[in-house]
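Results of the structural survey
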Amino acid sequence: AQKVTQAQTEISVVEKEDVTLDCVYETRDTTYYLFWYKQPPSGELVFLIRRNSFDEQNEISGRYSWNFQKSTSSFNFTITASQVVDSAVYFCALTEDGGATNKLIFGTGTLLAVQP
Amino acid sequence: DVKVTQSSRYLVKRTGEKVFLECVQDMDHENMFWYRQDPGLGLRLIYFSYDVKMKEKGDIPEGYSVSREKKERFSLILESASTNQTSMYLCASSLEGPRDTQYFGPGTRLTVL
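What counts and what doesn't
Here, residues in each chain are numbered from 1, in the same order as that chain's written sequence. Key to labels: chains lettered from A, ligands numbered from 1, both in the order written. Residues qualify for local features only when their pLDDT is at least 70, as the model is predicted, and side-chain atom pairs are given and counted only at 80 or more; totals for whole chains, interfaces and linings, by contrast, use all residues. With hydrogens and water set aside, each side-chain value is computed from the structure's full complement of heavy atoms. Any pair of cysteine sulfurs within 2.5 Å is marked as a disulfide. Think of it this way: any DSSP run of H or I at least four residues long counts as a helix, any run of E at least two long counts as a strand, and we number them from the N terminus. Three labels apply to residues, based on accessible area from a 1.4 Å probe with only protein chains included: buried if under 20% of the type maximum, exposed if over 50%, partly exposed otherwise in between. The rule for pairing is simple: two strands pair if DSSP sees at least two bridges between them. Axes, fitted as lines to C-alpha atoms, cover a helix only where it is in contact. Angles between the N-to-C directions of the axes lie from 0 to 180 degrees. Basic side-chain nitrogens of Lys or Arg form a salt bridge, by our definition, when they fall within 4 Å of a carboxyl oxygen of Asp or Glu.

Looking now at the state of the cysteines. Scanning the entire structure with this criterion turns up two disulfides over all chains. With a sulfur-sulfur separation of 1.9 Å, Cys-23 of chain A is cross-linked through a disulfide to Cys-92 of chain A. Taking the torsion about the S-S bond as the criterion, the Cys-23 of chain A to Cys-92 of chain A disulfide, at about -65 degrees, is left-handed. Of the two residues, Cys-23 of chain A is situated in the loop between β3 (19–21) and β4 (24–26) and Cys-92 of chain A in strand β10 (residues 88–96); the sequence distance between them amounts to 69 residues. The residues Cys-23 of chain A and Cys-92 of chain A share a single accessibility class, namely buried. Bridging Cys-23 of chain B to Cys-91 of chain B, the disulfide has an S-S length of 1.8 Å. Taking the sign of the torsion about the S-S bond as the criterion, the disulfide between Cys-23 of chain B and Cys-91 of chain B, at about -75 degrees, is left-handed. Taken as a pair, Cys-23 of chain B in strand β3 (residues 19–25) and Cys-91 of chain B in strand β9 (residues 87–94) lie far apart in primary sequence, 68 residues in all. Neither Cys-23 of chain B nor Cys-91 of chain B differs from the other in exposure class; each is buried.

With that settled, consider the sheet that holds β3 of chain B. All names here are of chain B. Spatially, the four strands line up as an open sheet ordered β1-β3-β8-β7, and their pairing is antiparallel. Two strands close off the open sheet at either side, each with one partner strand: β1 (4–6) and β7 (64–70). Put simply, the sheet's adjacent strands are angled 20 degrees from each other on average, direction ignored. Pairing of β7 with strand β8 (residues 73–78) involves five bridges; the strand directions are antiparallel. Each residue of the ladder has a partner; that of Ser-67, found in β8, is Ser-75.

Moving on: the pattern of salt bridges. Applying the stated criterion across every chain yields a total of eleven salt bridges over all chains. For Lys-18 of chain B, the salt bridge is made with Glu-79 of chain B, and the minimal N-O distance between the two is 3.6 Å. Taken together, the residues span a long stretch of sequence, with Lys-18 of chain B in the loop between β2 (10–13) and β3 and Glu-79 of chain B in the loop between β8 and β9 at a distance of 61 residues. By relative accessible area, Lys-18 of chain B is classed as partly exposed at 44%. Since its relative accessible area comes to 42%, Glu-79 of chain B is described here as partly exposed. Here Glu-30 of chain B and Lys-71 of chain B are joined by a salt bridge, their closest N and O atoms 2.9 Å apart. Of this pair, Glu-30 of chain B sits in the loop between β3 and β4 (31–38) while Lys-71 of chain B sits in the loop between β7 and β8, placing them 41 residues apart in sequence. The structure contains a network of salt bridges with shared partners spanning Arg-51, Asp-55 and Glu-59 of chain A.

In structure tokens:
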């Protein structure tokens, strides 16, 4: 069965600290896609990154970086030198190539609070 | 940029009322989705449409119906609203397949009294 687990419900850090958000997934498909979304207090989900199952290369975009490891079924997200504007709920999600509805399977989200 | 808009940010309705939530996308996407977001449960798919007039049930379709008469517009209908349908409703669209990113609207926070 497909499942996405974000074990960290809430994280609180002080500005400029680095923080890693964990994501562990389960799927039987060999072809699948992983996503991270950010949901600020305004409520809109903002797309951050997409990764396919055949591309294990880590990615860096400014202060954001992602570590994809198929061996541990993890797709972790690190924010370097966090800022107050990073405060949001972050969701990890999965779609499968063999799925009937193309639906995103979401984790329950991690609330990140960055204190000034 | 992809733009997905939803007709209302906040809505208050009474039990038993018929409720329409509208979603419009401007990127000629084939797929449109309605999700519901509740604390501790994440987002769950209500309905999915892959073409005009085509729909598939998601994980929690009970109490809801949908309509897609035009490619850019996807409506969620609560035939007879109940208090357990108080929630945040998020619409999304994507180009075609599961590899394509889903882009979300701003959400509608519905309260049923």
